[in-house]
Amino acid sequence: VDSGDRDRTHEVRENMMAMLNEDGLRAVPLLVVCNKQDLPDAMTTEEVSGVLALHDVEGRKWMVQSACAATGAGLEEGLRWLTCAASARNR
């Protein structure tokens, strides 16, 4: 998610919900990466969670990770969580 682009959050939410409703993706863990956290007006992870209505998502683990792709900050942590969540799902 582009944390600096508040105008497209509705579109992001619609696309995400459509993907989450795909049969092949049911119960698959969801990692939302909030990119561009280095921008002064970037949405917080809490704001993104609210805008995407993640608290309404049922039947799957999810996490919102702040990140800055330009520096790599947050990416390793998010991917580590996703790997662990996917591994736990497959046990």
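Conventions adopted
Throughout, a residue's number is its position along its own chain's written sequence, starting from 1. In keeping with the model being predicted, local features are shown solely for residues with a pLDDT of at least 70 and side-chain atom pairs are shown and tallied solely at 80 or more, while totals for entire chains, interfaces and linings include all residues. As a rule here, side-chain values cover all heavy atoms of the structure and leave hydrogens and water aside. Any two cysteine sulfur atoms lying within 2.5 Å of each other are counted as a disulfide. Any residue under 20% of the maximum accessible area for its type is buried, any over 50% is exposed, and the rest in between are partly exposed; the area is computed with a 1.4 Å probe on protein chains only. For salt bridges, the criterion is a side-chain nitrogen of Lys or Arg within 4 Å of an Asp or Glu carboxyl oxygen. Secondary structure elements are defined from DSSP: runs of H or I of at least 4 residues count as helices, runs of E of at least 2 residues count as strands, and each element is numbered from the N terminus. Strand pairing follows a simple DSSP-based rule, namely that at least 2 bridges must link the two strands. Each residue after the first adds 1.5 Å to the expected span of a helix. By definition, residues are in contact when any of their heavy atoms lie within 4.5 Å.

Draft legend 1. Structural context of the state of the cysteines. Taken as a whole and assessed by the stated rule, the structure comprises 0 disulfides. Lacking any disulfide linkage, Cys34 is separated from the closest cysteine sulfur, that of Cys68, by 12 Å. Cys34 gets classed as buried once you look at its relative accessible area, which sits at 0%.

Draft legend 2. Geometry of the pattern of salt bridges. Going through the model one piece at a time under the given rule, you end up with 5 salt bridges. Between Glu47 and Arg6 there is a salt bridge, with the nearest N and O atoms lying 3.1 Å from each other. Note that Glu47 is positioned in helix 2 (residues 45-51) and Arg6 in the segment before helix 1 (9-20), a separation of 41 residues in sequence. On the basis of relative accessible area, Glu47 is assigned to the partly exposed category, the value being 32%. Using a relative accessible area of 40% as the deciding quantity, one classes Arg6 as partly exposed.

Draft legend 3. Expanded view of the pairing of strand 2 (residues 62-66). Pairing geometry for strand 1 (residues 30-34) and strand 2, over 5 bridges, is parallel. Each bridged residue has a counterpart across the sheet, and for Val32 the counterpart in strand 2 is Val64.

Draft legend 4. Molecular detail of unusual backbone geometry. Even without being glycine, Ala27 reaches a positive phi, approximately 70 degrees. Inspection of the secondary structure puts Ala27 in the loop between helix 1 and strand 1. Unusually for a residue other than glycine, Ala53 sits at a positive phi of about 55 degrees. Along the chain, Ala53 turns up in the loop between helix 2 and strand 2. Residue class for Ala53 comes out buried when judged on its relative accessible area of 13%.

Draft legend 5. Geometry of helix 1. In a regular helix each residue adds 1.5 Å, so 12 residues correspond to 16 Å; helix 1 covers 16 Å between its end C-alpha atoms and thus fits that length. If you follow the buried residues of helix 1, they end up packed against strand 1 and helix 2.

Draft legend 6. Examining the environment of Ala18 more closely. Along the chain, the position of Ala18 falls in helix 1. Considering only alpha carbons, one finds Ala18 and Thr44, 26 residues apart in sequence, at a separation of 23 Å.

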